[in-house]
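Topology and contacts: notes
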2 protein chains.
Amino acid sequence: MKRPVTIKDIAKMLGISKSTVSRAIRGSEEINPETKKRIMDLVEELDYQPNAFARSLLKHRSNTIGVVIPAIENSFFANLISGVQHVAHSKGYNVMICQTNDSFDREVSDIRTLCRHQVDGIILSLSSETKSFDHLQSVIDKDIAFVMADRTTHKIEAPRILVNDRDGAYNATKHLIENGYRNIIHLAGPESLEIANLRAQGFSDAMEEAGSTDIDSKIFRCPFREEKARELTLELLKDGVKFDAVFAASDKIAVGAMMAIKEAGLYIPDDVALVGFTDLPMAKLLTPSLTTIQQPAQEMGRKAAELLLESIEDKESHDSSDYVMTTRLIQRESTKSKVGKA
Amino acid sequence: MKRPVTIKDIAKMLGISKSTVSRAIRGSEEINPETKKRIMDLVEELDYQPNAFARSLLKHRSNTIGVVIPAIENSFFANLISGVQHVAHSKGYNVMICQTNDSFDREVSDIRTLCRHQVDGIILSLSSETKSFDHLQSVIDKDIAFVMADRTTHKIEAPRILVNDRDGAYNATKHLIENGYRNIIHLAGPESLEIANLRAQGFSDAMEEAGSTDIDSKIFRCPFREEKARELTLELLKDGVKFDAVFAASDKIAVGAMMAIKEAGLYIPDDVALVGFTDLPMAKLLTPSLTTIQQPAQEMGRKAAELLLESIEDKESHDSSDYVMTTRLIQRESTKSKVGKA
């Protein structure tokens, strides 16, 4: 059997270095055009077949994608990553993950690191601090594939994987209204995040439909963090704010609220009902178990990876659509019907 | 103020390309030695100060470290990573994370990816499938800094960050014995993991001390996964295995056991007491809350990063010591004293 032609053979025949041949094949601009032509002519003549790694170099690919998320200890993002990995691994791509801890500076730095390490594409969920988007535009400008998932922005042209946050929040609030709760408050996420505002919108829409007025005074902003949610709820209770139900913009916020309500000596759902958003694994383990809006995290991750790989393999496709997935209400012990049976 | 000298200036003065100057400064072997000498002489004469990125190139550094862990949705690893990031970020290093899903093939692939993307060092916690270690030896052979944390092996010469697993397990078992439990079983982790075997050892030691015999028949192996632990516990109950207490080798296993015990209509701690290992955030939120052995995950991550960065900055230091951190027993509602008060 004939031995396959190597870069070394080509270099020897032309009396130049291996690295020059390799650079020419990779399409480097640093090489004399005449030399480049001689190399590429010989490559064609000898029917040189680069190996897999060389092929990926030829296509300028590293077969690695990056995922940038706010917090890995949040099971929602862990599940999203699991969906991304499932698709990426099945197609021979490796996945590197960066955690921003919800810091804008960290996000900028992580994005730069991934670009410098030449990933083929990046999937991002925004930090709650992020208000400017130049670092993301620069990813797109570098022709690196880019997809946003869950926490996204409309200020950048890129595909977005979302759930219908407004509808999910509307259904959560409506569930409380239909079960006879009237003094419902909303512990909303930070105003910098579109998802938080969409969930607040869903709350407002359902409340307005039920004839409620002065709805803004029933919305309290809070970071997506247990401890902060606990402190806020304790403060509301201390200040004498009246409520018989809480719709929390995330399960993390709901857990914080649950702690505070128990600490204040009140019972869930008898004194205060509680609905979360996400369906973290702990939601069903809590006592009482938490009624919540389930987000299809794995499926979101899979879809994000599929779109990213499509964009990597076909640079021409410039998709910037929204992919909106549906949520569903999971009723558990933290809500019950207060409506008198006839 | 005088403008600082740049690579461009040097290239212009010598009539050569910028990339040649840059390669010479980086110590490339591909350049004519005479050219290299001319460049380096001029660099010295002009007192050229490379910027931060160029400096890192000079030292052949990417200022990025990789962390390879079995599962990010496990809060123990999430906390460990948070400790790593704290130290790494404070010293200007970026962190890229890879998740093996406890798969050996994935671990090999992740290690290769990080090496190919030229990280300066790697922190690893072994997958439970890993039984050969060539891929780790190759990291060390490539002169990439390497540290193991939590799930480690003695078959590779590298620093190891551990907790005293045997002592932790011994204390957990002793806590049950001292509170009057006699039929204690141990849901142990997989035999491939040293930490699982050390914890089983601690259990055996405490049981033996208390005069128990046939201890091996009280140890049941189980993956570190809720669902598998639930199935195993249901099976033990169905098979009529008698026990009044369970020491689980991890909180994940404990949660699975808790589900099974509740499903079987038994009460914790009245019918069966339960102790875990790790202190995941959910441990205190369970009903009953879980008595467990707390591992200092953050501190382990910080120590791992400190050792890794030392090794990166000083290649001469070839440390392969064990750093053993202490655990502590956190008593909660899943255990109580059965000993009659005098």
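Just above sits the structure.
Let me begin by describing the structure that accompanies this report. Predicted model only: the values in this text are computed from it and were never measured.

Here we take up the interface of chain B and chain A. Contact residues are listed per partner, giving 34 residues for chain B and 34 residues for chain A. When chain B packs against chain A, the two sides together hide about 3,000 Å² of surface, and 55% of this comes from carbon and sulfur. Where chain B meets chain A, there are zero salt bridges. Between the two partners, chain B and chain A, sit 19 residue pairs in polar contact (both at pLDDT 80 or more). Elements with a contribution of two residues or more to the side of chain B that touches chain A: helix H2 (18-25), helix H5 (75-90), strand S2 (94-99), helix H6 (104-116) and helix H11 (251-263) of chain B. Counted by class, the side of chain B that touches chain A contains 14 nonpolar, 13 polar and seven charged residues.

Residues and elements named next belong to chain B. Their axes nearest at 10 Å, the elements H6 and helix H7 (residues 134-141) cross at an angle of 15°. Relative to H7, the element H6 is oriented roughly parallel. Judged by the sense of rotation from one axis to the other, the crossing of H6 with H7 is left-handed. Contact residues: H6 offers Phe104, Glu107, Val108, Ile111 and Cys115, while H7 offers His135, Leu136 and Val139. Among the residues making up the contact of H6 with H7, the classes are represented as six nonpolar, one polar and one charged.

Time to look at the pairing of strand S4 (residues 145-149) of chain B. Residue and element names in this part refer to chain B. Counted residue by residue, S4 has five buried out of five residues, so it is predominantly covered. On S4, burial covers both faces: Ala145, Val147 and Ala149 on one face and Phe146 and Met148 on the other are all buried. Of the strand pairs in this sheet, strand S3 (residues 121-124) and S4 are connected by four bridges, and their pairing is parallel. Bridging across to S4, Ile123 finds its partner in Val147. Between the parallel elements S3 and S4, the chain passes through H7 in a crossover that is right-handed. Two strands pair when backbone bridges link them, and S4 and strand S5 (residues 160-163) are joined in this way by two bridges, in the parallel orientation.

Before going further, it helps to spend a moment on the sheet that holds strand S12 (residues 328-330) of chain A. Within a sheet, adjacent strands bond to each other through the backbone by hydrogen bonds, running parallel or antiparallel. All names here are of chain A. The strand order S7-S6-S8-S9-S10-S12 describes an open sheet built from six strands, whose pairing is mixed. At either end of the open sheet lies a strand with only one pairing partner, and these are strand S7 (219-221) and S12. The sheet shows a mean angle of 20° between the axes of neighbouring strands, direction not considered. Of the strands in this sheet, strand S6 (184-188) and S7 are in contact with helix H10 (residues 226-238), which crosses S6 at around 150°.

Take the relation of the copies chain B and chain A next. Two copies of the chain are present, and they differ by a rotation about an axis and a shift along that axis. Mapping chain B onto chain A leaves a residual RMSD of 0.6 Å; the transformation is a rotation of 180° accompanied by 0.2 Å of translation along its axis. In symmetry terms, the pair is related by a two-fold rotation axis. Within chain B, Ile97 of chain B has its C-alpha nearest the rotation axis, a separation of 2.5 Å. Residue by residue, 100% of the interface of chain B is reproduced at the interface of chain A, so both copies engage with the same surface.

All names here are of chain B. The topology assignment puts Lys252 in helix H11. Residue classification places Lys252 among the buried positions, given a relative accessible area of 11%. Residues Lys252 and Ala283, spaced 31 residues apart in sequence, show a C-alpha to C-alpha distance of 9.4 Å.

Moving on, we come to the pattern of salt bridges. Residue and element names in this part refer to chain A. By the definition in use, this model includes 28 salt bridges over all chains. Note that Arg151 is salt-bridged to Asp102, the shortest N-O span being 2.9 Å. With Arg151 in the loop between strand S4 (145-149) and strand S5 (160-163) and Asp102 in the loop between strand S2 (94-99) and helix H6 (104-116), this residue pair connects regions lying 49 residues apart in the sequence. Note on Asp102: relative accessible area 21%, which makes it partly exposed. Bridged by salt links that share partners, the residues Arg166, Asp167 and Asp205 form one connected network.

Before going further, it helps to examine empty space enclosed by the protein. The method is simple in principle: a probe with the dimensions of a water molecule rolls over the atoms, and the space it marks as empty is what remains. Residues and elements named next belong to chain A. On inspection of all chains with the given rule, the structure shows two cavities of 30 Å³ or more. Along the wall of the largest cavity there are 15 residues; nearest its centre are Asn74, Arg199, Phe224, Ser250 and Thr278. When residues of the lining of the largest cavity are traced back to their parent elements, those giving at least two are helix H5 (75-90), helix H9 (194-209), helix H11 (251-263) and strand S9 (273-278). Its residues placed into classes, the lining of the largest cavity shows six nonpolar, four polar and five charged. Quantified by volume, the second largest cavity comes out at close to 30 Å³. Of the residues belonging to the lining of the second largest cavity, the class tally is six nonpolar, no polar and no charged.

Turning next to the nonpolar core. If you look at the biggest cluster of nonpolar residues, it comprises 122 residues, and the most contacted ones within it are Ile65, Ile72 and Leu187 of chain A together with Ile65, Ile72 and Leu187 of chain B. Once residues lying within four places of it in the same chain are set aside, the contact partners of Leu187 of chain B are Phe220, Leu232, Thr233, Leu236, Val246, Phe247, Ala248, Ala249, Ile253 and Ala257 of chain B. Judged by nonpolar contacts, the second largest core, of 36 residues, contains Leu126 of chain A together with Cys98, Leu136 and Ala158 of chain B.

Cis geometry is adopted by the peptide bond preceding Pro288 of chain A, which originates at Thr287 of chain A and carries an omega value of -5°. Phi is positive for Asp150 of chain A, close to 65°, though the residue is something other than glycine. Relative to the elements of secondary structure, Asp150 of chain A occurs in the loop between S4 and S5. Here Asp150 of chain A falls in the buried class, since its relative accessible area comes to 3%. Despite not being glycine, Asp102 of chain B shows a phi value in the positive range, around 60°.

Rules behind the numbers
- Per chain, residue numbering runs from 1 following the sequence as it is written.
- Working convention: letters from A go to chains and numbers from 1 go to ligands, in the order in which they are written.
- Per-residue local features are limited, in this predicted model, to residues with pLDDT of at least 70; the limit for side-chain atom pairs, both in listing and counting, is 80 or more; totals at the level of whole chains, interfaces and linings are taken over all residues.
- Only hydrogens and water are set aside when side-chain values are computed; all heavy atoms of the structure are taken into account.
- Any pair of residues with heavy atoms lying within 4.5 Å of one another is described as a contacting pair.
- By buried area we mean the combined loss of accessible area, with a 1.4 Å probe, across both parts when two parts are placed together.
- The term salt bridge refers to a pairing of a side-chain nitrogen on Lys or Arg with a carboxyl oxygen on Asp or Glu at a separation within 4 Å.
- Here a polar contact means two N or O atoms within 3.5 Å. Within protein one must be a hydrogen donor candidate and the other an acceptor candidate, and residues neighboring in sequence count only if both atoms are side-chain atoms.
- In this text, helices come from DSSP runs of H or I with a minimum length of four residues, and strands from runs of E with a minimum of two, each type numbered from the N-terminal end.
- Residues are grouped as follows: Ala, Val, Leu, Ile, Met, Phe, Trp, Tyr, Cys and Pro are nonpolar; Asp, Glu, Lys and Arg are charged; every other residue, Gly included, is polar.
- Between the N-to-C directions of two axes lies an angle of 0 to 180 degrees, each axis being a line fitted to C-alpha atoms and, for a helix, fitted only over the stretch in contact.
- Just so you know how the angles are binned, under 35 degrees is roughly parallel, over 145 roughly antiparallel, 65 to 115 roughly perpendicular, and the rest oblique.
- For any helix crossing, the convention is left-handed if the near helix is rotated counterclockwise from the far helix by under a right angle, and right-handed if that rotation is clockwise.
- A 1.4 Å probe rolled over the protein chains alone gives each residue an accessible area, and that area as a share of the maximum for its type sets the label: buried under 20%, exposed over 50%, partly exposed in between.
- In this description, strands pair whenever DSSP reports at least two bridges between them.
- Throughout, right-handed denotes a crossover for which the path from the first strand over the helix to the second runs clockwise when the strands point away from the viewer.
- Fitting of the copies onto one another was done by least squares over C-alpha atoms, counting residues only where both copies have pLDDT of at least 70.
- Only protein atoms enter the 1 Å grid used here, on which a cavity is any set of points holding a 1.4 Å probe that cannot leave and a pocket is any open set flanked by protein within 12 Å on both sides along at least five of seven lines; residues with an atom within 4 Å of a point are listed as lining.
- Grid points are joined across faces, edges and corners, and a volume is the space filled by probe spheres set on the points.
- Definition used in this section: a nonpolar core is a set of buried Ala, Val, Leu, Ile, Met, Phe, Trp, Tyr and Cys residues joined via side-chain atoms within 4.5 Å.

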